[in-house]
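Report on the structure
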Amino acid sequence: CSSDLHHNTAGFGAGAIVAIYTQNSDRQVQSIAYSTDNGRTFTCYENNPVLTSDARDFRDPKVFWYAAGSKWIMSLATGQTITFYSSSDLKEWKKLSDFGDGIGAHGGVWECPDLIQMDYNGQKKWVLLVSINPGGPNGGSATQYFVGDFDGVTFKADNLPYPLWIDYGKDNYAGVTWNNVPDGRHLFIAWMSNWQYAGVVPSMTWRGGMTLPRELALQKDADGRPIITSRIVKEVDAIAGEWKTISASDNTYAIDNNEDAYELQINMDIADNENLTLTLSNEKGDKYPISLNRADKSFIIDRTQSGEVSFSSEFGKVLYSPLNLSSNAVSLTLFVDKSSVEALINDGMVQQTNLVYPSGIYNSLSVESGKGQIIKSVKVRTLSSVW
């Protein structure tokens with residue numbers, strides 16, 4: 001939806017809300033509907049569709065008001081490219097440019113574009129999010145991004161080592177941000193699943209959920225290049241209990257929790273060229289090892305013994321991410337639920353979001369440590385349901 005509250009450019013009335021959506025029959029087209037009662041009801045525009053094409057894949061409009069040009073900008077997924085359109089009234093659209101040829105990952109169709117302006121190192125940069133399926137870094141669905149500049153017509157990506165990924169896990173896909181968050185934050189939420197196995201997961205009452213909302217920022221990585229960081233929103237505090245510091249017994253930390261989701265924070269030092277493995281587990285023998293390897297700059301999660309994995313040959317895999325750190329200090333944050341683990345390193349510089357289907361929630365953390373590693377603290381807090 002796009003709020004026409006301050007402009008009434010579409011002429012549906014002051015304060016109108018306009019929904020812009022893809023209709024799918026023999027081809028995909030873009031249509032609009034409007035509400036004049038704060039979104040309680042919507043009326044379809046009588047002259048729909050407002051944008052058509054003969055292309056097979058022509059979907060997922062994301063629209064924002066481009067103040068510098070006093071016009072609406074639409075980003076639209078068009079096969080393996082993103083096409084930009086402009087409009088003065090949300091009804092008539094003009095094609096501006098295409099982006100995507102010869103850059104980024106192209107293992108599958110491009111979907112769910114989102115063009116947003118972000119602060120970076122004292123300047124403004126534009127970031128284009130693009131979901132792709134298949135072709136993710138660990139197979140199947142994933143979301144890549146590009147950093148560059150947008151002049152109201154064309155998006156031009158900076159020379160960076162593409163593809164770059166929002167999340168290297170298997171289960172963070174089709175995410176976009178909210179427009180016009182009052183305090184300027186870039187809040188992002190995604191579908192927590194993967195088209196490789198979404199239709200056969202062993203949950204009986206649902207086929208997918210959403211990630212926890214993330215706040216995106218553009219920061220420098222260890223090589224001085226821009227990278228999207230992604231941390232869980234601060235609003236999670238509203239469903240969280242008090243922090244409790246826990247101590248190890250024989251390198252094992254007992255998590256006093258058998259039902260509720262929880263957040264686990266592990267602060268440690270890992271020397272250059274060293275590695276450390278931390279394993280979540282339960283009494284049934286389900287295991288979820290997380291390895292931080294500074295020698296080969298990798299962040300590895302092993303889902304092969306995480307619980308039920310037999311429903312798909314693509315599920316029980318070892319999952320790889322880069323791990324390029326600028327210091328020995330490492331903070332690993334884990335949001336653990338009955339069927340998911342969202343893992344973030346150093347406030348979301350690197351992350352993996354993965355579904356799991358253990359026989360019971362993981363309630364133990366063991367550490368395989370050798371020389372060059374120090375666990376400085378481990379603390380946990382429970383998380384109540386968001387429903």
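Residues numbered from 1 in each chain as written. Predicted model: local features only at pLDDT ≥ 70, side-chain atom pairs only at ≥ 80, totals over all residues. Heavy atoms only, no water.

Below, the discussion takes up the sheet that holds strand 7 (residues 81-87). Hydrogen bonds between backbone groups are what pair the strands of a sheet, and the pairing can be parallel or antiparallel. Taken in spatial order, the four strands line up as 5-6-7-8 in an open sheet, and their pairing is antiparallel. At either end of the open sheet lies a strand with only one pairing partner, and these are strand 5 (59-66) and strand 8 (94-99). Across the sheet, the axes of successive neighbouring strands diverge by a mean angle of 25°, strand direction being ignored. With six bridges connecting them, strand 5 and strand 6 (residues 71-78) associate as antiparallel partners. Looking across to strand 6, one finds that Phe-64 is bridged to Ile-73. (Pairing = 2+ DSSP bridges. Helix = DSSP H or I, 4+ residues; strand = E, 2+ residues; numbered from the N terminus. Axes fitted to C-alpha atoms, helices over the stretch in contact; angles between N-to-C directions.)

With an omega of -5°, the peptide bond between Asn-48 and Pro-49 qualifies as cis. You can see Pro-49 is positioned in the loop between strand 4 (43-44) and strand 5. Cis geometry marks the peptide bond from Asn-133 to Pro-134, where omega comes out at -10°. A positive phi is found at Asn-180, a non-glycine position, where the angle reads about 60°.

Further remarks concern the nonpolar core. Looking at soluble globular proteins, one finds that nonpolar side chains tend to be buried together. In terms of nonpolar packing, the biggest core is built from 40 residues, with Phe-99, Val-127, Leu-128, Tyr-145, Phe-146 and Phe-155 touching the most fellow members. Looking at this core, the element that brings in the most residues is strand 10 (residues 123-133), giving six residues. Leaving out residues up to four positions away in the same chain, Phe-99 has contacts with Thr-81, Ile-82, Phe-84, Trp-110, Leu-128, Phe-146, Phe-155 and Ala-157. Membership of the second largest hydrophobic core comes to 33 residues, among which are Tyr-262, Tyr-288, Val-356 and Leu-365. (Core = buried A, V, L, I, M, F, W, Y, C linked by side-chain atoms within 4.5 Å. Buried < 20%, exposed > 50% of the residue type's maximum accessible area, 1.4 Å probe, protein only. Contact = heavy atoms within 4.5 Å.)

It is worth spelling out the environment of Gln-351 at this point. Turning to its location among the elements, Gln-351 is positioned in strand 28 (residues 350-355). Residues Gln-351 and Leu-334 lie 17 residues apart in sequence; the distance between their C-alpha atoms is 9.8 Å. Here Gln-351 is in contact with Ile-166, Asp-167, Tyr-168, Gly-169, Arg-214, Ser-230, Phe-299, Ala-343 and Leu-344, once residues within four sequence places are set aside. A distance of 3.0 Å separates a polar atom in the side chain of Gln-351 from the backbone oxygen of Ile-166. (Polar contact = N/O pair within 3.5 Å; in protein donor to acceptor, adjacent residues only side chain to side chain.)

Moving on, we come to the pairing of strand 8. Bridging between strand 7 and strand 8 involves five bridges; their strand directions are antiparallel. Bridged to Ile-82 within strand 8 is Phe-99. Taking the residues that link successive antiparallel strands as the turn, the strand 7-strand 8 hairpin has six residues, and the phi of Leu-90 there is positive, at about 70°.

Turning next to the side chain of Gln-352. With respect to the helices and strands, the residue Gln-352 is situated in strand 28. At a separation of 2.7 Å, a polar atom in the side chain of Gln-352 contacts the side chain of Ser-321. In this structure Gln-352 touches Asp-167, Tyr-168, Gly-169, Phe-299, Ile-301, Leu-319, Tyr-320, Ser-321, Val-341, Glu-342 and Ala-343, once residues within four positions along its chain are discounted.

What follows is about the environment of Tyr-357. With respect to the helices and strands, the residue Tyr-357 is situated in the loop between strand 28 and strand 29 (364-368). When its relative accessible area of 11% is taken as the criterion, Tyr-357 is described as buried. C-alpha separation for the pair Tyr-357 and Pro-202, spaced 155 residues apart in sequence, amounts to 7.6 Å. Contact partners of Tyr-357, with chain neighbours within four places excluded, come to Val-201, Pro-202, Ser-203, Ser-306, Gly-307, Glu-308, Phe-311, Phe-315 and Ser-339.

Taken in spatial order, the six strands of this open sheet run 19-30-21-26-27-28, and their pairing is antiparallel. Only two strands of the sheet have a single partner each, and these edge strands are strand 19 (244-245) and strand 28. Where strand 21 (residues 261-270) and strand 30 (residues 373-383) come together, 10 bridges link them in antiparallel fashion. Within the sheet, the bridge partner assigned to Asp-269 lies in strand 30 and is Ile-374.

For the structure on display, the rule yields 20 aromatic pairs. With a centroid separation of 5.6 Å and 75° between ring planes, the pair formed by Tyr-66 and Phe-150 is classed as edge-to-face. With Tyr-66 in strand 5 and Phe-150 in strand 11 (residues 142-150), this pair connects stretches of sequence that are 84 residues apart. The pair Tyr-66 / Phe-150 is uniform in exposure class, with both members buried. Pairing Phe-315 with Tyr-357 gives two aromatic rings, centres 5.8 Å apart and planes at 45°, and the pair type is tilted. Remark: Tyr-357 occurs in the loop between strand 28 and strand 29 and Phe-315 occurs in the loop between strand 24 (298-302) and strand 25 (318-322); sequence separation between them is 42 residues. (Phe/Tyr/Trp six-rings, centres within 6.5 Å; stacked < 30°, edge-to-face > 60°.)

With that settled, consider the environment of Val-309. Mapped onto the fold, Val-309 is located in the loop between strand 24 and strand 25. When neighbours within four sequence positions are excluded, Val-309 is seen to be in contact with Arg-303, Thr-304, Phe-315 and Gly-316.

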